[in-house]
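Observations on the model geometry
So you can see what is in the structure, the chains are spelled out below.
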Amino acid sequence: WIYILSFIGFLLHSIRQLRNFQTEEMETKTMGDFSAFIEGLPEQKGTIFAEENVKAAIEKATDQRVVGVSIAWDYQKDAELVEDTLARQVREKEPIITSPRSIERAEEEPKERSQFREKLEAFELSLFHDDISAKEGTDPTAEITEALKNMTSSSNAVVVFETEHMRDTAVELSSKQGGIPFEGAQLTLENLECEADTIYWRNFGNTTFWLQVWRIVKGMGYIFLALTMWTMVFYLPYAYSVYTFNYDNGQQPGIVYSLAFTIVVVIGNAIMYEVCSRIADSVQFKFKDPRESLYMILYTIACTLNILLDFALTFVITYKVAKGLDFRTFHGVPIEHVGQEGRFEVYAMQRLLGQNAFMYAFPSTYLVPFLIEPFATIYLPYKLGQIIVRCHPEIQGQEAEDYLACIPMDMGRYADIILNIILGVVILFFPGGYNHTLFFALAFSHIWIYLFDHVKVLRGIKACDFASMEVDWWSQVMLIPCCGTLLACLVFKANTGEYGYYLQGNWLFVACCAAFFGHFAVHLALLTYVVPLFGQKHEEFSDLANMTYADLNQQEPDSWFSTNPIHCLRSQFIYKHEPPCGFYFLGKEYLLQVNENIGCFYEPETSQTPPNSDDNMDLEQMKAHFTRFSARFTTLRAS
C-alpha cells in the first residue's frame, strides 16, 4: 500500500502543479506574453543601428507593430567594463541618505593612524570595495563607446510586440514562411518561456550546446573530486575511529561519535551545495530556469552519492562491529561464517545498518542543516555586512545595500526535500523499529522548512522569479527514483517464499534493479504523456485580453530593454537617446525615465522616490528626525 499510494500521490502532485501553473499563467500578463525569441540573426556590428534594422525588417514581413528589439551581444571580454560603467552610473544618480552619526564622524578631526592600520584598511577595502572610479588619464565615456562599437552580436535577440495577439500572429507567420528574410538569412521567431529578469545576457555569443555538455561532464568530475576530498579529509577519520573502537564485551561508541557523525554529514552536504552551484554557473546557460534545474539535479545526485558511499563504508564497519560483538544468525551461525551475499540479510547487520541510516537522516540531514540555515544565510551575513559598511564609509549606495541584502533564493530546496525523501525510503529496507520515529521527524523537519522559507521569501530576500515549470518538472522526475526504490524495497521484503518466490544471492539484487528501472520507465512515460492530458484549457481573462505592452511596462520596470546592459548602454552612447533607456537595478526603479519612443514606459510613483541628495537638511533637523523615529519605535516595542 505504501508503494501504490505513493505512486498515485506523485502523479496527483504532478497534475496539481501543472494546473496551478496554468491557472497562474492565465490570470497574469507578463513580459514574455509580448515577446518572441529570434534565432538565426546574422552577425551585427556595434557601429550600426542593428536594433532598428531588425525592427524594420520584422514589421515589414509580418505587418505587426513592434515596440523594439533587444539584441543579445557578445560582451564577455568587456564584461567588467560594462558592469563598472553601469555601477558608476547608478552611484552617480542615486541619493545617499546619511545618518547624523555619520555626519558627525565625517566632521571630526581625522585621528592619526599607524602605518599598519593604514595597510590593514587598504587590504580590507581591496576585499570588500569595488573601486569603479575612472582610471586617471582615461575618458570613461570614450572607453565604453569604443567597446560598444567593437562588439558583435550573437545569433539571438528578443523582439517585443505591442500586443500578445500581434506576437502570436508574427510567430505563426514566421513558422509558415520558414522565417523572416534579413540580410540574406532567415530569422525564426519562437514564443519565449522566460521573463526579462531570468535571462543571462552575458552568456550569449560564447557558448554552444556541445560546449555546455562538455562543461557538465567536467562538472561531474569536480563532484567526484569533492566527494573524494570529503571522504579523505572528513569521513575516513571518523570511520577509522569507529572501526578501531574496542567492541569487546558489548561496548559501543558514545555520544561524541554521534555528534562527530552529524558534523561530517552536514559538512558533506554543504560542500556539495557549493560545488554544484559553481558547476551550474560555469555551464553558462542563457536562461535562469535551466541553470536552476541543473543545479537541483546535480545537488541531488551528489548528495545521493554521499549516502551510497556512507552506506558502503558503514557496511564494512558494521560487519566489524557485529563480528566484535559475536553476532550470530537465527540458526546460531557466527556472522563471519556467512557468505558475502547473505550478510546484508542477517538481522544483526540489518539492525545496525538501519540505525546508521536513521542517524544519517535525523538529525544530521533532516534538521540540523535547516536549524543552522537562518543563521548561516541571513543573520550572520547581515551582521557581517553591517560591520563592513559601518567601518568603511567608502562603501555606499547600491554596494552597501548588496552587503546588507539577504542571499537570493535558489531552487536547492527541491533537492533538499528529495534527499530527505530518499533517506525516508531507504529506511524501509531495514527492520521497522525506526520507521515511525523517522517519519514523524521528517514531518516535523518539513514543517520547520516550510515556515522558514515562508518567512524568508516574504521578509528576507529581495525578489525571486522563476518563469516556467522547468525546475518543478525536473523535480518531479527526480521523485521517480524515490518511488522506484519503494518498489525495489517491496521486492526485497517479499523475498520470503510466502509470495511465490524466493531468490538467493545476486538474483535478488537483479530483481530489485529490474523493479526499479521498470517503474522508472512507466512513471516517466506517464509524467510525459498522460499528466499533460489533465491540464486546463487555455482561457484568457477578458480584462487582460486588451492589455498592451505599454500598459504592462507602466507597472513592471524590468523589461527586455531595461534588463539588457548592452541595450541600455547603446541607447545612451550609440543612439544618444534623450533620455536613454536606463538599466534596471532591483530596488532602484525610481532611477528609470520614460521615453515612449524607445519602449520605456515605466514611471515610478512619487512616493517611491527617495529624497533628493540636493536637499540640504542641516544636522539639527536630521537629529530631531531620528530622535522622533527612535521614540516611536521604543513606544511601539514597549506596547
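Here's what I pulled together on the structure shown here. (Residues numbered from 1 in each chain as written. Predicted model: local features only at pLDDT ≥ 70, side-chain atom pairs only at ≥ 80, totals over all residues. Heavy atoms only, no water.)

Overview of the pattern of salt bridges
For clarity, the threshold we go by: Criterion for a salt bridge: a side-chain nitrogen of Lys or Arg within 4 Å of a carboxyl oxygen of Asp or Glu. Numbering of helices and strands runs from the N terminus, with a helix taken as a DSSP run of H or I at least four residues long and a strand as a DSSP run of E at least two residues long. The cut-offs for exposure are 20% and 50% of the maximum accessible area for each residue type, with area from a 1.4 Å probe on protein chains only; residues under the lower value are buried, those over the upper are exposed, and the others partly exposed.
Across all of its chains, the model carries 18 salt bridges by this definition. Across the pair Glu164 and Arg167 runs a salt bridge whose closest N-O atoms are separated by 3.7 Å. Placement of the pair is Glu164 and Arg167 together in helix α7 (residues 164–177), with a separation of three residues, close to one helical turn. When the shortest N-O distance is used, the salt bridge between Glu172 and Lys176 registers 3.4 Å. Placement of the pair is Glu172 and Lys176 together in helix α7, with a separation of four residues, close to one helical turn. Under the relative-accessibility criterion, Lys176 is labelled exposed at 65%. Here the residues in one salt-bridge network are Lys29, Glu164, Arg167 and Asp168, joined through shared partners.

Some thoughts on the side chain of Lys288
Operational definition: Residue contacts are defined here by distance: any two heavy atoms, one from each residue, within 4.5 Å place the two residues in contact.
Looking at the secondary structure, you find Lys288 in helix α10 (residues 288–324). Look past the residues within four positions of Lys288 in its chain and what remains in contact with it is Thr198, Tyr200, Asp465 and Phe466.

Overview of the sheet that holds strand β2 (residues 66–74)
This is how it is decided: A pair of strands is treated as paired once DSSP finds two or more bridges between them. Axis definition: a line fit to C-alpha positions, over the contact stretch in the case of helices; interaxial angles, taken between N-to-C directions, run 0 to 180 degrees.
Taken in spatial order, the five strands of this open sheet run β2-β3-β1-β5-β4, and their pairing is antiparallel. Looking along the sheet, the strands with just one partner apiece sit at the ends: β2 and β4 (180–182). Direction aside, the axes of adjacent strands within the sheet are offset by 30 degrees on average. Where strand β1 (residues 35–39) lies against strand β3 (residues 152–161), five bridges are found, and the strand directions are antiparallel. Of the residues in β3, the one forming a bridge with Phe37 is Val158.

Re the packing of helix α3 (residues 79–93) against helix α20 (residues 565–573)
Here is the rule we go by: In these notes the angle categories are as follows: under 35 degrees is roughly parallel, over 145 is roughly antiparallel, 65 to 115 is roughly perpendicular, and the rest is oblique. Take the far helix as your reference; a near helix turned counterclockwise from it by less than a right angle gives a left-handed crossing, and one turned clockwise gives a right-handed crossing.
Close contact between α3 and α20 brings their axes to 11 Å; oriented N to C, the two are set at 65 degrees. By the angle between their axes, α3 is roughly perpendicular relative to α20. In this structure, the crossing between α3 and α20 has a hand that is left-handed. In this structure, α3 contributes Val82, Thr85, Leu86 and Gln89 to the contact, and α20 contributes Pro565, Ile566, Leu569, Gln572 and Phe573.

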